[in-house]
Amino acid sequence: MSGARLHRPFSEPSPLLRWLAALVVVTYAIVSILPIVWIGMTAFKSQSDAIAYPPKLLFTPTLEGFVDLFTVQTRQPHDFIAKLPPPANWYEKLARSHDMVIVGRSRVVERFVNSIIIGFGSTILATLLGTLAAYGFSRFKVPLADDLMFFILSTRMMPPIAVAVPIYMMYRYLGLYDTRTGMILLYTAVNVSLAVWLLKGFIDEIPREYEEAALIDGYTRLQAFRKVVLPQAVTGIAATAIFCLIFSWNEYAFDLLLSSSEAQTMPPFIPFIIGEGGQNWPAVAAGTTLFLAPIFVFTIALRKHLLRGITFGAVRK
Amino acid sequence: MTGMDTTTTFADRASKRAPPRSARRVVGLSDRAVVWLFIAPTMLLLLAINIFPLIWAIRLSFTGFMANLPRPLGFVGIANYVDILTDEDLWTNFQVTAHFVFWTIALQVLIGLALALLINQKFRGHSFWTTVILLPMMLSPAVVGNFWTLLLQPQIGPFNYFIGFFTGAPASSFTMIGSVKLAPWTIVMVNTWMWTPYVMLICLAGLRSIPEFIYEAAEVDRASPWRQFWSITLPMVTPFLMLAVLFQAIQSFEMFDLVNLLTSGGPGSTTELVSITLKRAAFEKWETGYASALAVILFVTVFGAANIYVRVLNKVKQQ
């Protein structure tokens, strides 16, 4: 996005070509965003609208999906509902309008809280460890530095399912199976490789002269690190943290295999939001929408660093 | 500019409260200690959570152990490996995986490169639309894959309706997920939808790295745009493209979440990627020894690819 103006003063594309390019790109963008738009729309549909044929583009929006997502309900005969005391709030009223009675809270809040705790916990840990290690690799002659960096990267390349088997057994043995601590440690281990590679790139870009000046001024290494390097690396650390958070937030395979309830996060939970007679699509869509919303914010926040993040710092501009 | 300011501030601050030299040497750690203090926690964590389990898996791969049965390991030598390498069903799974990897990458490269070339024409608003296009790859493959099962329902899903609307074929005349013929293409399609932005973004970086003067020189030499594309643009973008391809190859070879929720390997085993077979062997049949052997084979394959990956990565960096 930067340096855009530098290009092609000679063979500036003709207005027609430019217009055609815009047409194709915008069409692709709209088509590729449709599935996501459809998720958002389904979240506000009633169950019958969600599975109507032909698929409905126009519908009366309702919060049924969200109410279904957060509550457990049972179907009751019409006259039973008529005899109940009047609904205490809007969502009870909404449920009763289609013959359902709310009998309790669903577990979605716990799953969401798990996603948040495990996501942030592993992000903070991975960023912390990653910053320290990246500084070490960036500023000092570490023996076998290249091999160690490759080792760190290769841990990320391991197929999650392949390592899940022994980790499952280890976690069972250590009592870490289905615990938040276990998931935080695991996600930290996966994320730390990305954190080290990205942060090494960011720290490499900070001129050494600053630290050297500080060292000459009587700072210790640790002081120089804390007071000179860290403030300069803040943007890089923030970008890295968001990348780690996105990974932890989206992760599915490990959590599916290494947790069953206590540490279950949203991704393995969402497919099991089931209504009577199959998936309750508005509820699934409501959960999916709430789950995806933070990612939109992160993506926009990360725009400048996206390329770096997805290539482990190999491509920077 | 700001750098200069900071340095002077440090000098000022340090001169005001610098401790006497002797005391400082005691408080400050040696550089060597700092390095190990900084690197060791990461290494220890990776050793505990990656390397130790891996070594354990290698050991288990020579046993007939089943994690759900309380019985001793029972070494079986290389029997698991022989089983895997002679199993025809597993061979089919590898073929399914190869089909998936090949086609999804071919499509990603074609569409991704084309989009990058078009975006590089810098029409008004191109930056906004680029961000829109990037969105799918940021989302959770599992959660989005799960939702695609609704989108692809033959009767009620918008996908069939959309196709039917443009081709005139009745919407319920085909099912993307349930049919043996279409299902392998369905996973290719959804994965391509998800990861084309990745290839596009890297290609875009490649295009922007090409210095303007090369095109100017070509223009002076009256090279046609077609010629310019083949002898300037494409060769200059290739290292970037290769990086994207390698990364996507590893990723789609390991693919689990999206496909597990989209088709869970079916119908039959037409979309059963190796990682799904592995998950079934390990967590449904509980053939831990066999699964470990398969995991080791997968790991060796990916490790080899990662090795190449790093080499390409370093080459791209040098340019």
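1. Section: the overall build of chain A
In step 1: What chain A contains, in helices and strands, is 15 helices and four strands.
In step 2: Over its C-alpha trace chain A gives a radius of gyration of 25 Å, far above what one expects of a compact globule, namely 20 Å for 317 residues.
In step 3: Overall size of chain A, expressed as C-alpha extent along the three principal axes, is 85 × 65 × 40 Å.
In step 4: Expressed as a percentage of its 317 residues, the buried residues of chain A come to 49%.
In step 5: Of the contacts made within chain A by residues no fewer than 6 positions apart, 76% connect residues no fewer than 24 positions apart.

2. What to know about the domain arrangement of chain A
In step 1: One can read the domain layout of chain A as domain 1 (14-43), domain 2 (47-106) and domain 3 (109-269 + 292-310).
In step 2: One C-alpha centre belongs to domain 1 of chain A, the other to domain 3 of chain A; they are set 33 Å apart.

3. Here's the deal with the interface of chain B and chain A
How big an interface is tends to be stated in terms of the accessible area lost upon association of its parts.
In step 1: Across the boundary between the two partners, chain B contributes 93 residues, which contact 94 residues of chain A.
In step 2: It is helix α3 (residues 31-60) of chain B that contributes the most residues to the side of chain B that touches chain A, 16 residues altogether.
In step 3: Among the residues making up the side of chain B that touches chain A, the classes are represented as 65 nonpolar, 17 polar and 11 charged.

4. Quick notes on the packing of helix α5 (residues 88-119) of chain B against helix α9 (residues 183-209) of chain B
All names here are of chain B.
In step 1: Running from amino to carboxyl end, α5 crosses α9 at an angle of 40°, the nearest separation of the two axes being 6 Å. Accordingly, the angle class assigned to the pair α5 and α9 is oblique. Judged by the twist between their axes, the crossing of α5 over α9 is right-handed.
In step 2: By residue class, the composition of the contact of α5 with α9 is 19 nonpolar, seven polar and no charged.

5. Some thoughts on the nonpolar core
In step 1: In terms of nonpolar packing, the biggest core is built from 181 residues, with A:Leu186, B:Leu201, B:Ile202, B:Leu278, B:Leu294 and B:Ala295 touching the most fellow members.
In step 2: Among the elements that take part in this core, helix α9 (residues 180-204) of chain A stands out by supplying 16 residues, more than any other.
In step 3: Beyond its immediate stretch of four places on either side in the chain, A:Leu186 contacts A:Ile167, A:Phe254, A:Leu258 and B:Ile49.

6. Here's the deal with the environment of A:Tyr91
In step 1: Within the secondary structure, A:Tyr91 is located in helix α5 (residues 90-97).
In step 2: Spatially, the C-alpha atoms of A:Tyr91 and A:Glu64 are 8.1 Å apart, while their sequence positions differ by 27 residues.

7. A few points about unusual backbone geometry
In step 1: Residues A:Tyr53 and A:Pro54 are joined by a peptide bond in cis, for which omega reads -10°.
In step 2: When you line up the elements, A:Pro54 lands in the loop between α2 (47-50) and α3 (64-70).
In step 3: A positive phi is found at B:Arg222, a non-glycine position, where the angle reads about 60°.
In step 4: With respect to the secondary-structure elements, B:Arg222 resides in the loop between α10 (212-220) and α11 (225-253).
In step 5: By the C-beta count within 10 Å, which is 7 here, B:Arg222 ends up exposed.
In step 6: Despite not being glycine, B:Ser264 shows a phi value in the positive range, around 40°.

Cut-offs and rules
Residues numbered from 1 in each chain as written. Chains lettered and ligands numbered in written order. Predicted model: local features only at pLDDT ≥ 70, side-chain atom pairs only at ≥ 80, totals over all residues. Helix = DSSP H or I, 4+ residues; strand = E, 2+ residues; numbered from the N terminus. Rg over C-alpha atoms; globule rule 2.2 N^0.38 Å. Buried ≥ 20, exposed ≤ 12 C-beta atoms within 10 Å, placed from the backbone. Contact = placed C-beta atoms within 7 Å. Domains from an automatic or database assignment. Nonpolar A, V, L, I, M, F, W, Y, C, P; charged D, E, K, R; others polar. Axes fitted to C-alpha atoms, helices over the stretch in contact; angles between N-to-C directions. Parallel < 35°, antiparallel > 145°, perpendicular 65-115°, else oblique. Left-handed = near helix turned anticlockwise from the far one by under 90°. Core = buried A, V, L, I, M, F, W, Y, C linked by C-beta atoms within 7 Å.

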